[in-house]
Each structure stands twice: as structure tokens, then as C-alpha cells.
Amino acid sequence: MTTFSLCMIVKDEAKVLERCLDSLAPCMDEIIIVDTGSVDRTKEIAGKYTDQIFDFVWTGSFADARNFAASKATKEYIYTADADEYLEPSQQQKLQDLKSVLLPEIEIVQMLYCTPAEYNTVYNFEKEYRPKLYRRQREFVWIDPIHETLRLDPVVYDSDIEIQHRPEGSHVSRDLSALADIHAKGIRLSSKLHHMYAMELYHSGTAEDFRQAESTFLTTLDQTDRTEDELREAICVLTRGYRLHGDVPHFLAYAMRDAVTRPSAELCCELGAYFEEQGDPQEAALWYSNALTETESILDIRTSGEIPEAGIARCRS
């Protein structure tokens, strides 16, 4: 039977950690908890399930902490979990059953990460596949009968196991601050982090968050090797930020820059909101209609649905 190491990084998770470990512990052969500075009862609760509790001095990188936790594992596969997630009993049984049938060539198992809309601060969907289980030590294999080469792509299995994600509070402020700090340190945001930053801003950011992000996304527009998608993300963020702060010249400059090429639903909603604020419901309704029927969302799916629908209803009332 395959063996699993549960590796977690935690900080002040006393409210949710017991729920998480109650659901996962029966499936695990080893539990490793890495604490990054808790001041509540987190380590006390963790001690009910394992004696492998380690302190880790926070470096500003979740990846550093996860790598440290993984370095302590000894079993065949590592299962990664956050304290605010858990398995329902039926899904717990599926994970237990997986230990008996997991083929040795599988290196990564993806599971469905389920976050109800009311808990969601970033994503445009309530379920998505995420890699949750991976082989601790990877075996490299030669492939192809001639001109043989090493297989570099991992063997991934998409399971039907569903993980429930119920955060106790919003991590938006923490995440946005961390992303702003990356730029402040002169580190280039990867395409993934660029997209995540824009999504989280657009979905949940405050006016001050947009102000802090301004230099990051202005830099994007100056980088000649950014993709078209990244440039469009930057324009969306800048346009909303300037509108929220009443900077009409910059708002119109960036809005028109995208509107004459391939506008997004987000940009059309921003123009709709601007004209609505200016007391021009007819023009506002036109842009909201464009968002609803002529364009696609790139950051927030609501901008091609409920947001323009509500805007049109206001403009016609």
C-alpha cells in the first residue's frame, strides 16, 4: 500500500486546524507541521496529531516554507494541505482507497479544490483541479525506441476527490501586500503571478490596493517582452485604479487605448461605470451592453454577466 506524508505550513490556524487534521489524519502515515510564527494555540492543537512540529523563520516566501516541510517527509508521496481545507467523509474514503490502487508511475495526483462563491476572492469558478499529492522522489525513465530521451513531463492523474475549502477570513490584504512587495524588491512577476495579482485586485482590491499596484502594472507596459494578455491585464488594473481615484485624464487615456483594439468586458464595465458616474445613463448602458454581449472577461467573470446586467438595469430605471 502506498504511503503518504502530510506536509503543512501554518500560522495562527487554531480556529480551523482541528477540522482539517481530523479529516486527513486517518489517511496519512506521517504528519509534518511547519509553523511560521503562531501566537495562538496552533502548535498545541497540532501536537494532538503529531510530534513532528517544526519552527520556520518566515522568509516572505511560501515556497521556501513548503520546501522546508517537504524536506522533512519520508514517505512515498507528499500530500499538501492548508489548514482551512478539509475532506468530507465520502472523500476521505476515496483518498484512503487511492492508497491501494495508485499506480507507481503516477507522479502527481490532482484533486478538485472546492471554494463556494461566498468564500472566493480570486477565482471565476467554484471547482478547479490542483496538484495535491506528489511523489517525494521522482524516478527518471528513458523513453522512445530510438533517439531515446528522458521523460521530463510528470505523469499526472486527475482524481475525482473533492477538497472543501472554507477560509476563516479573507487573505486578500496579505496576498496583495506580498505581491506589491515582490515588485518593490525589483523582482519580476511571472506570468502566473501577474495574472493572479490582476485577478485578486479586480475581484477584491480596495482603492488603496490599486494605488499600491500602479507602479507594478505601469512597469508591465514598459516591458517589451510581456504577452498581449499581460498587457491587457495591466490596462484593466490601471483603468479601474484611475477611475476609483478620479484621475479622469489617465483613466480615459488607458481606457481608449484598449477600447479601440480588443476591449475586455472589464474595460467596458469601467467605461459604463464612468459614464454612469458622469450622469450619462444612455452612454453607460451602451458600454454595459458591450460588456454583456460583445466582449469576454479576462479577470472577473462577473463583468460579462451580473455586473453589466445590474448596470443596464440602473441606467434604464
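Remember, predicted model here, so these are calculated numbers, not experimental data.

## Examining the overall build of the protein chain
Looking only at helices and strands, one finds 12 helices and 10 strands in the protein chain. Considering only C-alpha atoms, the protein chain reaches an extent of 65 × 60 × 40 Å along its principal axes. Buried positions account for 44% of the 317 residues belonging to the protein chain. Summarising the internal contacts of the protein chain: among those between residues at least 6 apart in sequence, 66% fall at separations of at least 24. Total accessible area computed for the protein chain in this model is approximately 16,200 Å², and 52% of it derives from carbon and sulfur atoms.

## Points about helix α7 (residues 207–222)
The terminal C-alpha atoms of α7, which comprises 16 residues, lie 23 Å apart, in line with the 22 Å expected from a rise of 1.5 Å per residue. The sharpest bend along α7 measures roughly 45 degrees and falls at Ala-213. When α7 is considered as a whole, its buried residues turn out to be Asp-209, Phe-210, Ala-213, Thr-216, Phe-217, Thr-220 and Leu-221.

## Concerning the nonpolar core
If you look at the biggest cluster of nonpolar residues, it comprises 39 residues, and the most contacted ones within it are Tyr-197, Leu-201, Phe-217 and Leu-271. Of all the secondary-structure elements, those providing two or more residues to this core are α5 (172–184), α6 (191–204), α7, α8 (228–244), α9 (248–259), α10 (265–277), α11 (281–293) and α12 (306–316). Those residues within four positions of Phe-217 in sequence are excluded, and the remaining contacts are His-194, Tyr-197, Ala-198, Leu-201, Ala-234, Val-237 and Leu-238.

## Points about the packing of α10 against α11
Where α10 contacts α11, the two axes come as close as 8 Å, and the packing angle between them is 165 degrees. When the axes of α10 and α11 are compared, the pair comes out roughly antiparallel. Here α10 runs over α11; the crossing is left-handed. Between α10 and α11, the residues in contact are Ala-265, Cys-268, Cys-269, Leu-271, Gly-272, Ala-273, Phe-275 and Glu-276 and Glu-283, Ala-284, Trp-287, Tyr-288, Asn-290 and Ala-291, respectively. When its residues are assigned to classes, the contact of α10 with α11 shows 10 nonpolar, 2 polar and 2 charged.

## Focus: helix α1 (residues 17–24)
Among all positions in α1, only Leu-17, Cys-20, Leu-21, Ser-23 and Leu-24 are buried. Projection of α1 onto a plane perpendicular to its axis shows the buried side chains occupying an angular sector of 160 degrees, all on one side. On its buried face, α1 is in contact with β1 (4–10), β2 (30–35), α2 (42–46), β4 (77–80), β5 (85–86) and α4 (89–101).

## Observations concerning the environment of Phe-140
Looking at where Phe-140 falls in the secondary structure, it is placed in the loop between β7 (127–135) and β8 (142–143). Along the primary structure Phe-140 and Leu-150 are separated by 10 residues, whereas in three dimensions their C-alpha atoms are 6.6 Å apart. The residues contacting Phe-140, other than those within four sequence positions of it, are Leu-150, Arg-151 and Leu-152.

## Thoughts on the side chain of Asp-84
Structurally, Asp-84 is set in the loop between β4 and β5. Side-chain polar atoms of Asp-84 contact the side chain of His-165, separated by 3.1 Å.

## Examining the pattern of salt bridges
All chains considered together, the criterion is met by 18 salt bridges. The closest approach of N and O atoms between Lys-43 and Asp-55, which form a salt bridge, is 2.9 Å. Of this pair, Lys-43 sits in helix α2 while Asp-55 sits in strand β3 (residues 53–55), and the two are 12 residues apart along the sequence. Residue classification places Lys-43 among the partly exposed residues on the basis of a relative accessible area of 34%. Two residues, Glu-230 and Arg-226, come together in a salt bridge whose shortest N-O distance is 3.0 Å. Like Arg-226, Glu-230 is buried. A single salt-bridge network, built from bridges that share partners, covers Arg-240, Arg-243, Glu-270 and Glu-277.

Calculation criteria
Residues numbered from 1 in each chain as written. Predicted model: local features only at pLDDT ≥ 70, side-chain atom pairs only at ≥ 80, totals over all residues. Heavy atoms only, no water. Helix = DSSP H or I, 4+ residues; strand = E, 2+ residues; numbered from the N terminus. Buried < 20%, exposed > 50% of the residue type's maximum accessible area, 1.4 Å probe, protein only. Contact = heavy atoms within 4.5 Å. Areas by Shrake-Rupley, 256 points an atom, 1.4 Å probe, with all protein chains shown as cover. Expected span 1.5 Å × (residues − 1). Bend = angle between axes of the 7 residues up to and from the residue. Core = buried A, V, L, I, M, F, W, Y, C linked by side-chain atoms within 4.5 Å. Axes fitted to C-alpha atoms, helices over the stretch in contact; angles between N-to-C directions. Parallel < 35°, antiparallel > 145°, perpendicular 65-115°, else oblique. Left-handed = near helix turned anticlockwise from the far one by under 90°. Nonpolar A, V, L, I, M, F, W, Y, C, P; charged D, E, K, R; others polar. Arc of directions from axis to C-beta. Polar contact = N/O pair within 3.5 Å; in protein donor to acceptor, adjacent residues only side chain to side chain. Salt bridge = Lys/Arg side-chain N within 4 Å of Asp/Glu carboxyl O.

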